[in-house]
Amino acid sequence: MTTSVAISGEQRPLPDETREALFRAAQEGLTNVRKHAQATRADVVLDYADTAVRLAIRDDGAGSASTPASGFGLVGLRERAEHLGGRLSVESAPGAGYTLSMEVPG
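Owing to the predicted nature of the structure, the values given are computational and were not obtained by experimental measurement.

*Asks:* Where do I start with the pattern of salt bridges in this structure?
*Replies:* Side chains carrying opposite charge are able to pair once their charged atoms draw close together. Under the criterion given, the structure shown has 7 salt bridges. Its salt-bridge partner being E20, residue R24 comes within 3.8 Å of it at the nearest N-O pair. Of this pair, R24 and E20 both sit in helix α1 (residues 16-37), 4 residues apart, which is roughly one turn of that helix. Overall, the relative accessible area of 37% leaves E20 in the partly exposed class. Taken together, the salt bridges that share partners define one network made up of D47, R54, R87 and E103.

Below is the structure:
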């Protein structure tokens, strides 16, 4: 599967806990793409915004009318994001793939 990585904004040091949460989100997102998405492409986008850091994993897979609300991986990521004062979201549409996004202060 073709994978791209894009980083935008001014990179800056982040607390270890924040870096680990973003790493785990990328890891889980790419694992889910490989296992479930039937995708040919995945994009990893890391954006250093003014007061937050955003990570998005997007794929061009089959997508779904419903988004997964559970699963140990997603539950754990949601808990990590909330613990840091951030949020996790998963969006999808039939034929339009999935997007997993984590935003945390930073």
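Back to the text.
*Asks:* Any chance you could explain the environment of R12 here in plain terms?
*Replies:* When you line up the elements, R12 lands in the loop between β1 (2-9) and α1. With 42 residues separating them along the chain, R12 and R54 place their C-alpha atoms 13 Å apart. Within the structure, R12 has its side chain in polar contact with the backbone oxygen of E10 (distance 3.3 Å). Here G106 takes part through its backbone oxygen, which lies 2.5 Å from a polar atom of the side chain of R12.

*Asks:* I keep staring at the sheet that holds β1 and nothing clicks. Help me out?
*Replies:* The strands making up a sheet associate through backbone hydrogen bonding, with each pair oriented either parallel or antiparallel. An order of β1-β2-β3-β5-β4 is seen for the 5 strands of this open sheet, with the pairing classed as mixed. Of all strands in the sheet, those with a lone pairing partner are β1 and β4 (87-92), marking the two edges. For this sheet, the mean inter-axis angle between neighbouring strands, taken without regard to orientation, is 10 degrees. As judged from the 6 bridges shared by β4 and strand β5 (residues 98-105), these two strands associate in the antiparallel manner. Paired with L88 across the two strands is M102, which belongs to β5. Its contacts with the sheet place α1 against β1, β2 (41-48), β3 (52-59) and β5, and it is angled at close to 10 degrees to β3.

*Asks:* For this particular structure, what's the right way to read unusual backbone geometry?
*Replies:* Glycine aside, residues mostly have negative phi angles, and peptide bonds mostly take the trans form. In this structure, Q38 is a non-glycine residue whose phi angle is positive, near 55 degrees. Within the fold, Q38 resides in the loop between α1 and β2. Judged by its relative accessible area of 67%, Q38 is exposed.

The rules we used
- Residues numbered from 1 in each chain as written.
- Predicted model: local features only at pLDDT ≥ 70, side-chain atom pairs only at ≥ 80, totals over all residues.
- Heavy atoms only, no water.
- Salt bridge = Lys/Arg side-chain N within 4 Å of Asp/Glu carboxyl O.
- Helix = DSSP H or I, 4+ residues; strand = E, 2+ residues; numbered from the N terminus.
- Buried < 20%, exposed > 50% of the residue type's maximum accessible area, 1.4 Å probe, protein only.
- Polar contact = N/O pair within 3.5 Å; in protein donor to acceptor, adjacent residues only side chain to side chain.
- Pairing = 2+ DSSP bridges.
- Axes fitted to C-alpha atoms, helices over the stretch in contact; angles between N-to-C directions.
- Contact = heavy atoms within 4.5 Å.

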